[in-house]
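Reading the structure
So you can see what is in the structure, the chains are spelled out below.
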Amino acid sequence: MTDSALALYVHWPFCVSKCPYCDFNSHVRAAVDQEAWREALLADLAHEAAMLPGRRLGSIFFGGGTPSLMPPATVAAVIQAATAAWAPLPDLEVTLEANPSSVEAARFADLAAAGVNRVSLGLQALDDAALCFLGRAHDVAEALGALDVAQRHFARVSTDLIYARPDQSLAAWEAELAQALGFGTEHLSLYQLTIEPGTRFHTEAAAGRLTIPDGDAAADLFEATRAITAAAGLPAYEVSNHARPGAESRHNLAYWRYRDYAGVGPGAHGRRQASATQRHRKPENWLGAVARNGHGLVTEEPLAPEARAREALLMGLRLGEGVDLARVARVTGLAVEAIVDGDAIAALPGLVARDGDRLRVTEAGILLLDSILPRVVR
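Residues numbered from 1 in each chain as written. Predicted model: local features only at pLDDT ≥ 70, side-chain atom pairs only at ≥ 80, totals over all residues. Heavy atoms only, no water.

Attention shifts here to the state of the cysteines. This structure, assessed with the given rule, holds 0 disulfides. Distance from the sulfur of Cys15, which forms no disulfide, to the nearest cysteine sulfur (Cys22) is 6.5 Å. Left without a disulfide partner, Cys19 is nearest to the cysteine sulfur of Cys22, which lies 6.3 Å away. (Disulfide = S-S within 2.5 Å.)

Given below as structure tokens:
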């Protein structure tokens, strides 16, 4: 995707149920007015298109919530409106997040016909007891059936798994990961279970009823994950994301490389020409705002060059390729010396590597990323 290409994020906030680990902007509703939601998404999109005229479109990402619950006709309408507003690149990537249930798998053919060419399938675990613990509505057999359907209908398939679950041994995770790699998908998103405030798991952990692996055990799992995926030809290109070379998520790379992206739908964030945008989070509030104003924006805030440089580094240093400091300097107008602390970088040999204008965290340093970032980022 070219440096100037735009990425579009579309948020569908509804789920069948709320998972106990999830702190995303997701909501359970007894009924959804599908026609009203389709028209509101198109109106919100039209506002962003008016603010960003003349751009090329590199990717569309339907996230949530559970976008595989969207009517395929709504997905098709959004894709058609987006590609009418912005000239799509020839290799436009259109991703949709999906739960691996048989009900949603039945929509895959229609979603592919609507223009989706990449699906991100939330398997989350390959163990029925673990899926029950994670609050998932599917079992392993159903998930593998949905994966088979996905691989028949979509050119590109990614799968998600959550590891570092309570009492999960290194050997058990290695076996589960090997099974996942055997499915032949081109991309894996592998996330350590974290306890997020506001979730049911946070309540359980605070009460002492839930314990996840400690730092050393989690580090062993993380290192094994990177070694196993690399050996299988899907090396980590970002902290939690692994892909065959060329199969990286082009949409997510737009975030990590700090490109412009438009965000529409409840709670969606955007970065538009040095400004940060955010939509109303609650579905009903967003819907009302679109009806009143023609868009769902709640804030639209210019970002100072220092804030933009900091965001670019915090995102980009998650990538194996690191950050192009010259580009960050160019788009922010700041000198490289004002963006990173050269003395701090020099004091972290073996953990941070700088080759000209390219700065990256090494394999040895990636486990310490959270402590490295505050030291090197101005």
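To continue, consider the pattern of salt bridges. Counting across every chain of the model gives 17 salt bridges. For Asp260, the salt bridge identified is with Arg55, shortest N-O distance 3.0 Å. One end of the pair, Asp260, is in the loop between α10 (250–256) and β9 (261–264); the other, Arg55, is in the loop between α1 (34–51) and β2 (56–64), with 205 residues separating them in the sequence. Across the pair Arg272 and Glu300 runs a salt bridge, and its minimum N-O distance is 2.5 Å. (Salt bridge = Lys/Arg side-chain N within 4 Å of Asp/Glu carboxyl O. Helix = DSSP H or I, 4+ residues; strand = E, 2+ residues; numbered from the N terminus.)

Our focus in this paragraph is helix α6 (residues 140–153). Every α-helical turn comprises 3.6 residues, leaving residues that sit three or four positions apart pointing alike. For α6, spanning 14 residues, the distance from its first C-alpha to its last is 20 Å, which sits close to the expected 20 Å at 1.5 Å a residue. Looking at the buried positions of α6, the neighbouring elements they touch are α3 (102–105), α4 (108–114), β4 (118–124), α5 (128–133) and β5 (156–163). Sitting at the head of α6, Asp139 places a side-chain oxygen 3.4 Å from the backbone nitrogen of Ala141. (Expected span 1.5 Å × (residues − 1). Contact = heavy atoms within 4.5 Å. Polar contact = N/O pair within 3.5 Å; in protein donor to acceptor, adjacent residues only side chain to side chain.)

Following Gly64, the chain continues into Gly65 via a peptide bond in cis, with omega recorded as 25°. When you line up the elements, Gly65 lands in the loop between β2 and α2 (72–85). One non-glycine residue with positive phi stands out, namely Gln273, at about 45°. In this structure, Gln273 sits in the loop between β10 (269–272) and β11 (275–279). Even without being glycine, Ala274 reaches a positive phi, approximately 70°. Tracing the sequence through the fold places Ala274 in the loop between β10 and β11.

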